[in-house]
Amino acid sequence: MVFDTLEGAELFYNAYAKQIGFSIRKRDSRQSRSGQMLMQKWVCSKEGYRQKKWINYAARIRKPRRLTRGGCEAMIRVNLDRDTEKWVVKSLVSAHNHKLVPSKYVHLLRSHREIKEGDEALIESLSTVGVSTRHITEICKEQHGGYQNMGFIPKDVENKVQAIRMNKIKGGDANTTIGYFEGRVQADSSFSFDYTLKEGNKLGNKL
């Protein structure tokens, strides 16, 4: 197969993955000395294994995330044909070493999840008036008739709320900064903070 753009190749493989029942991520790539992309490889999200140093990490504070990689070798690799400026499929492995996800759940896999414009506007509005991330997620769930219909997961809502708060923090307002940290406390029971306010509603050092 041949693609006009690298983005087109990625969209095709991701659409194929959604149809079949798996998620993809970028792996290896190669560039010319001038920075031109020459090769890109996408793999099944279950490719490879978690490094042992992270599995046996002695200073771990939080419970480790569940293992999601299992050495799957499914992948696609495309190379740039410099004569035609087209992207050509050079290698494809279609076999997976794990069960594929049923179609009714595949939209919840990482490369297929998406917070659409309407949901994003709702999340931003609720976050701005101080609704907690947990309650924002519940409202989104009710709007869609259940988690299975949302197209995204609670972690995506948490990430979106944090991104919204971080954008507001860039303005330097102390109340926004405090609100961001209060949101972190709600999302992570091991996180804590304290603060003092200086003249002009600016944050000072905690003594």
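Data block above holds the structure.
A short tour of the structure in this document, coming up. Since the model is a prediction, treat every value here as computed from it, not as a measurement. (Residues numbered from 1 in each chain as written. Predicted model: local features only at pLDDT ≥ 70, side-chain atom pairs only at ≥ 80, totals over all residues. Heavy atoms only, no water.)

### Section: the overall build of the protein chain
Rules: Where helices and strands are cited, they refer to DSSP runs of H or I of at least four residues and of E of at least two residues respectively, numbered from the N terminus. For every residue, the accessible area (1.4 Å probe, protein chains only) is compared with the maximum for its type, and the residue is labelled buried under 20%, exposed over 50%, or partly exposed between those bounds. Two residues qualify as a contact provided that any one of their heavy atoms is within 4.5 Å of a heavy atom in the partner residue.
Summing up its helical and strand segments, the protein chain has six helices and seven strands in all. Starting at the N terminus and ending at the C terminus, the protein chain contains elements arranged as β-α-β-β-α-β-β-α-α-α-α-β-β. Per-residue burial for the protein chain yields a buried fraction of 29% across its 207 residues. Counting only contacts in the protein chain whose residues sit at least 6 apart along the sequence, the fraction spanning at least 24 positions is 50%.

### A look at the environment of Arg 184
Within the secondary structure, Arg 184 is located in helix H6 (residues 174-187). Looking at Arg 184, the relative accessible area reads 21%, which means it is partly exposed. The spatial distance from the C-alpha of Arg 184 to the C-alpha of Thr 133 is 9.6 Å, given a sequence separation of 51 residues. Residues within four places of Arg 184 in sequence aside, it is in contact with Gln 162, Arg 165 and Phe 191.

### Considering the pattern of salt bridges
Stated precisely, the cut-off is as follows: Whenever Lys or Arg places a side-chain nitrogen within 4 Å of a carboxyl oxygen from Asp or Glu, that contact is recorded as a salt bridge.
Enumeration according to the criterion identifies eight salt bridges in this entry. The residue Lys 141 makes a salt bridge to Glu 138 at a minimum N-O spacing of 3.2 Å. Highlighted residues: Lys 141 and Glu 138, both in helix H4 (residues 133-144), separated by three residues, approximately one helical turn. Overall, Glu 138 belongs to the partly exposed group, its relative accessible area being 29%. Residue Glu 158 is joined to Lys 155 by a salt bridge in which the shortest nitrogen-to-oxygen separation is 3.3 Å. Placement of the pair is Glu 158 and Lys 155 together in helix H5 (residues 154-169), with a separation of three residues, close to one helical turn. With relative accessibility at 43%, the residue Lys 155 sits in the partly exposed group. One salt-bridge network, held together by shared partners, links Arg 25, Arg 27, Asp 28 and Glu 47.

### Some points on the packing of aromatic side chains
Spelled out, the test is: What counts as a ring pair is set by centres within 6.5 Å for rings of Phe, Tyr and Trp (its six-membered ring), and what kind of pair is set by the plane angle: stacked under 30 degrees, edge-to-face over 60, tilted for all other angles.
Counted according to the given criterion, the structure contains four aromatic pairs. Geometrically, the ring pair formed by Phe 3 and Phe 12 is tilted, given 5.4 Å between the ring centres and 50 degrees between the ring planes. Judged by centre distance (6.0 Å) and plane angle (80 degrees), the ring pair of Tyr 16 and Phe 22 falls under edge-to-face. The partly exposed category is assigned to Tyr 16, whose relative accessible area is 29%. The class for Phe 22 is buried, based on a relative accessible area of 2%.

That is the geometry; function is a separate question.
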